[in-house]
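Below are the chains, spelled out letter by letter.
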Amino acid sequence: MKVIQAHELAQGRPHTDAEVEILVQSWSDHCCHTTWKSLGLLRRLSEATARIRHPLVVSAFKDNAGGIEFYEDSVVTLKGETHNFPSSIAPFGGVATKHGGVIRDTLGFGKGAYPIGGTTIMGTMDPGTPEDKVPPGALHPQLIVSEAIRATSYYTNPMGIPMMHPIYRRHPGYAKCFALGHSVGIIPKKYARKEEPRPGDVALLIGGETGRDGIHGATASSTGMTRVTLEKESAAVQIGHPITERRFTTAIPVLRDSGCIRSLTDLGAGGISCAAGEMGAGTGVELDLDAVPLKDQSLTAWEILLSESQERMLIVIPPERLSQAQSLLDRYEVARAVIGRFTSTGRLEATWRGQKVVDLEMSFLWGACPLDPIPAAEPKHPLKPLQIPEPRSSDEWTGAVRRVLSHYHCADQSLAGSRFDTTVQGRTAVGPYGGKNHRMPTNIYASAPLRGKPYGVITTVAFNPFYGEISPESLARLMMIEAITKAVVAGADYREMALCDNFYTPRVRPDVAWDLTRMVETIADLSVELGVPFISGKDSSSGTFESDGQKIDVPMTLAVAAVGRLPDVKKIVTKDFKRSGSRLVLVGHTDSDALGGSVYADTYAQRGDRLFDVCAAASIRRIWDALLALHAQDAYLSGSAIAEGGVFLRLFEGGFGSGLGARVELCAAETYSARAGSRPRGPGEPAGRGSGGGGTGRKDGLLFGEFIGSVLIEVPAGLKLQNYFEGVPYSVLGEVTAESHLAFTVGGEVVWQDFISSLAEVWSKPFREVVE
């Protein structure tokens, strides 16, 4: 306010209400990233990407999305966008427009990319929370989840964009929910870069009409949430209409290929003022607000400028192409209006009803936002060691297995995911569900976007709300490695991947600033060490809910999405078992005592004090290189990365998707590093001193430990693993069986077994109870 006041004195007049509103929303944390800029985090991450100098990166942290080079002179784009605030107070509208907004980020890349895939990722409180335990002023998490599913179906299905990853997680801190969506697109490389607007170019607004929905969305999203937010800020939630967006999704590539687009962007946070102001920052722009099509004729100038009504984009059209552009848009029934022209004044100007209501220097609008210093202080995380008894009897093993299978994070979520079209466009090679029954989670998505070509785009997502409670810094490292490993075990080369980060943290204070800084430093350093760059992302530092004197902070959250390219989608390896008699091999480091943050620990209502240590980047690269060498020889039949639910969940899913089973030796708790003349210990052999294991050799730790960066693969019985895993820890756990059951043995003696069909009943029930 003092900066604005000083500017008024310098210019010799008070600001108009429209100018004040524009400055407030443009300088909000949502639009200006004030928290990250003050802490130097945006610069830190972008500098790491620049240091890598990755030959495939076409655009990083500059456009509406990031882009990497694909095959045949094309570019694949990736962006993730959160809609946490609106989804917390109006979940249907918030989640629907989450999808609409991130799809427009794809459309707004370069001169217009085409969307070929999306995600929906939700973090809420436990949907089974009793009504009287929900904080006053917060919506019940079951309502948020069910409305989120309905909204995703409502928006993405009519858009004709395949769903890549539907993921639902819970944490008691998500009173203000986590609502993330990604969009992946493709564009010819020659159109992957925007041109700067030129004086005289036309500002053409396309899509829906402008209304009062979404006003103050940017500023409301930049602050915390209280028990009165639900009532006070409901108008800040936008209303989505996918058919309107569907029309210009088809039209934009036609405009692009016809040479009608110099630049374009979507109208999201800040509406017309932000879109026109950003595109005209280097030139100037003059807007005629009377030309804006309105839903409600009573809107004032500042409301027209700030409205975040959905399904709108602003295109920079060379004047000589205007008539052609209008004709093409008419063909696709896309509403359009010329609302201004770009100038050489270096100012944002707007007139309304014959009066100039905005006249701001671009240099002041985009260069004067004050950044208050944010102090940082190391927090004290009150952690307790786990106190979990190891199963000793068959009944105790049954209880442990069924608790993990029925956990919200591990249970069957296909009841939600099956409501979203995953194969529309005819490009899907591997969808989110697979196997004989089409319900087995694949944990990857692969598309063949170029018609008639085998080239593939592969995507993965890593998101775990538990790890951040123990160590935010380790969480960041684990999410990066999990996302990449999921793609590597499927056959993708990590050297041809890029990443997207989405942070969600509490309102900033010294301890949050400390943890957030360590998280960003960790992924920046690790990206350089691995050679895998971040190319886009989004931060949200408003995850605090206050009610009746109670403050609820979201857990330190980082979701990492990976995108990579594959020369042939037919070479992708999935997790469902392929052949009875083949061996099951755990490749990578393990620690059977490191159960902190695991689903298994959460089933005991414990979090723990130690996460799995993923080891150095060089060690991880050796594992990935060994897997890629094995994959190049078609030497493993199935594979999946270890994540939530540990080895056990991979065993169950591999059997469930194939109709086969598995027999696993629990004494294989320590891994061996292959050297000349050495061999791995097989099932039933006594344990020795391993190079990758450690700990006390807990048998439940082997099954339920979440050894991020390690993988479970199925190999032919006669394969000589030592030829591939020189210097890489691995252990033969057991074998695939023709009978569709799982069996655990100790020294060859069966200590637990059950039919997969029986386990599937347990696995299928929890999410059905949430949705139905």
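Scroll up to find the structure.
Novice: Please clarify how the packing of aromatic side chains should be interpreted in this entry.
Specialist: Given two aromatic rings, their pairing is described by the distance between the two centres and the angle made by the two planes. A full pass over the atoms with the stated rule returns 25 aromatic pairs. Here the aromatic rings of Trp27 and Phe364 are separated by 5.5 Å at their centres, their planes lie at 65 degrees, and the arrangement is edge-to-face. Here Phe364 lies in helix α15 (residues 362-367) and Trp27 lies in the loop between α2 (17-26) and α3 (29-32), a separation of 337 residues in the sequence. Chaining the aromatic ring pairs together yields one cluster made of Trp397, Tyr600, Tyr604, Phe648, Phe704, Phe744 and Trp752.

Novice: Help me understand the side chain of Asp201 in this model?
Specialist: Along the chain, Asp201 falls in the loop between β6 (178-188) and β7 (202-207). Within the structure, the side chain of Asp201 is placed 2.8 Å from the backbone nitrogen of Arg198, a separation counted as a polar contact. Here the side chain of Asp201 touches Arg262 through a polar contact of 2.6 Å, side chain to side chain. Among residues more than four places away in sequence, those in contact with Asp201 are Arg262, Val316, Ile317, Pro318, Pro319, Gly340, Arg341 and Phe342.

Novice: Honestly, the packing of helix α11 (residues 242-257) against helix α14 (residues 322-331) in this entry has me stumped. Any pointers?
Specialist: Axes are the key here: two packed helices are described by the angle between their axes and the distance separating the axes. For the pair α11 and α14, interaxial distance at closest approach is 10 Å and the crossing angle is 150 degrees. In terms of orientation, α11 lies roughly antiparallel with respect to α14. Here α11 and α14 pass one another in a crossing that is right-handed. From α11, Ala251, Val254 and Leu255 reach across to α14, where they touch Ala325, Leu328 and Leu329. Of the residues that constitute the contact of α11 with α14, the class distribution is six nonpolar, no polar and no charged.

Novice: What's the story with the sheet that holds strand β21 (residues 534-540) in this structure? I'm lost.
Specialist: Strand order across the open sheet formed by six strands is β15-β18-β19-β24-β20-β21, with mixed pairing between neighbours. Edge positions in the sheet fall to β15 (428-430) and β21, since each of these pairs with one other strand and no more. For this sheet the average axis-to-axis angle between neighbouring strands, irrespective of direction, equals 20 degrees. Alignment of strand β18 (residues 445-447) against strand β19 (residues 456-462), held across three bridges, turns out to be antiparallel.

Novice: Just checking my understanding: could you explain the nonpolar core for this structure?
Specialist: Taken as a class, soluble globular proteins show a tendency for nonpolar side chains to be buried jointly. Counting 76 residues, the largest nonpolar core has Ile484, Val587, Ile713 and Phe725 as the members making the most contacts within it. With 12 residues, helix α19 (residues 472-490) is the single largest residue contributor to this core. Here Ile484 is in contact with Tyr494, Met497, Leu499, Leu530, Val532 and Trp624, once residues within four sequence places are set aside. Formed by 43 residues, the second largest nonpolar core is a distinct cluster that contains Leu586, Phe612, Phe652 and Leu742.

Novice: Please explain unusual backbone geometry as it appears in this structure.
Specialist: Comment: phi is negative for the bulk of residues other than glycine, and the bulk of peptide bonds are trans. One non-glycine residue, Glu72, lies in positive phi territory at about 55 degrees. Phi at Asp634 takes a positive value of approximately 50 degrees, unusual for a residue other than glycine. Along the polypeptide, Asp634 turns up in the loop between α22 (617-632) and β26 (638-641).

Novice: Sorry, what's going on with the environment of Gly185 here?
Specialist: For Gly185, the location among the structural elements is in strand β6. It is 5.9 Å that separates the C-alpha atoms of Gly185 and Thr106, two residues lying 79 residues apart in sequence. Not counting residues within four places of it along the chain, the set of residues in contact with Gly185 comprises Val75, Val76, Thr77, Thr106, Tyr114, Pro115 and Ile116.

Novice: Looking at this model, I keep getting lost on the environment of Ser363. Mind explaining?
Specialist: Looking at the element boundaries, Ser363 is found in helix α15. Look at Ser363 and you get exposed, because its relative accessible area is 59%. Along the backbone, Ser363 and Asp548 are 185 residues apart, and their C-alpha atoms lie at a distance of 43 Å.

Novice: How should I be thinking about the state of the cysteines in this particular structure?
Specialist: What we call a disulfide is simply a covalent bond connecting the sulfur atoms of a pair of cysteines. Evaluated as defined, the whole model comprises zero disulfides. Residue Cys31 stays outside any disulfide, its sulfur separated by 4.6 Å from that of Cys274, the closest cysteine. A relative accessible area of 17% means that Cys31 is categorised as buried.

Novice: Sorry, what's going on with the pairing of strand β5 (residues 163-170) here?
Specialist: Taken residue by residue, a regular strand's side chains alternate between the two faces of the sheet. Counting buried positions along β5 gives eight out of eight residues, so the element sits mostly inside the fold. With seven bridges joining them, strand β4 (residues 114-124) and β5 adopt parallel strand pairing. Residue pairing across strands places Thr124 opposite Arg170, the latter belonging to β5.

Novice: I tried to follow the sheet that holds strand β14 (residues 355-361) on my own but got confused; where do I start?
Specialist: Sheet strands associate in pairs through backbone hydrogen bonding, adopting either a parallel or an antiparallel arrangement. Read from one edge to the other, the open sheet built from seven strands follows the order β9-β11-β7-β12-β10-β13-β14, with strand pairing classed as mixed. Of all strands in the sheet, those bounded by a partner on one side alone are β9 (263-266) and β14. Mean inter-strand twist for the sheet, computed between neighbouring axes without regard to direction, equals 20 degrees. As judged from the four bridges shared by β9 and strand β11 (residues 312-317), these two strands associate in the antiparallel manner. The partner of Leu264 across the bridge, within β11, is Ile315. Of the strands in this sheet, β7, β9, β10 (285-288), β11, β12 (336-342) and β13 (347-352) touch helix α12 (residues 271-279), which is tilted by about 30 degrees from β11.

Novice: How should the pattern of salt bridges be read in this particular structure?
Specialist: Once the charged atoms of two side chains with opposite charge are near each other, the side chains can pair. Taken as a whole and judged by the stated rule, the model has 44 salt bridges. The salt bridge partner of Arg169 is Glu644, with a shortest N-O separation of 3.0 Å. Of this pair, Arg169 sits in strand β5 while Glu644 sits in the loop between β26 and α23 (646-658), and the two are 475 residues apart along the sequence. Residues joined in a network through salt bridges with shared partners are Lys111, Glu195, Arg198, Asp201 and Arg262.

Rules behind the numbers
- Residues numbered from 1 in each chain as written.
- Predicted model: local features only at pLDDT ≥ 70, side-chain atom pairs only at ≥ 80, totals over all residues.
- Heavy atoms only, no water.
- Phe/Tyr/Trp six-rings, centres within 6.5 Å; stacked < 30°, edge-to-face > 60°.
- Helix = DSSP H or I, 4+ residues; strand = E, 2+ residues; numbered from the N terminus.
- Polar contact = N/O pair within 3.5 Å; in protein donor to acceptor, adjacent residues only side chain to side chain.
- Contact = heavy atoms within 4.5 Å.
- Axes fitted to C-alpha atoms, helices over the stretch in contact; angles between N-to-C directions.
- Parallel < 35°, antiparallel > 145°, perpendicular 65-115°, else oblique.
- Left-handed = near helix turned anticlockwise from the far one by under 90°.
- Nonpolar A, V, L, I, M, F, W, Y, C, P; charged D, E, K, R; others polar.
- Pairing = 2+ DSSP bridges.
- Core = buried A, V, L, I, M, F, W, Y, C linked by side-chain atoms within 4.5 Å.
- Buried < 20%, exposed > 50% of the residue type's maximum accessible area, 1.4 Å probe, protein only.
- Disulfide = S-S within 2.5 Å.
- Salt bridge = Lys/Arg side-chain N within 4 Å of Asp/Glu carboxyl O.

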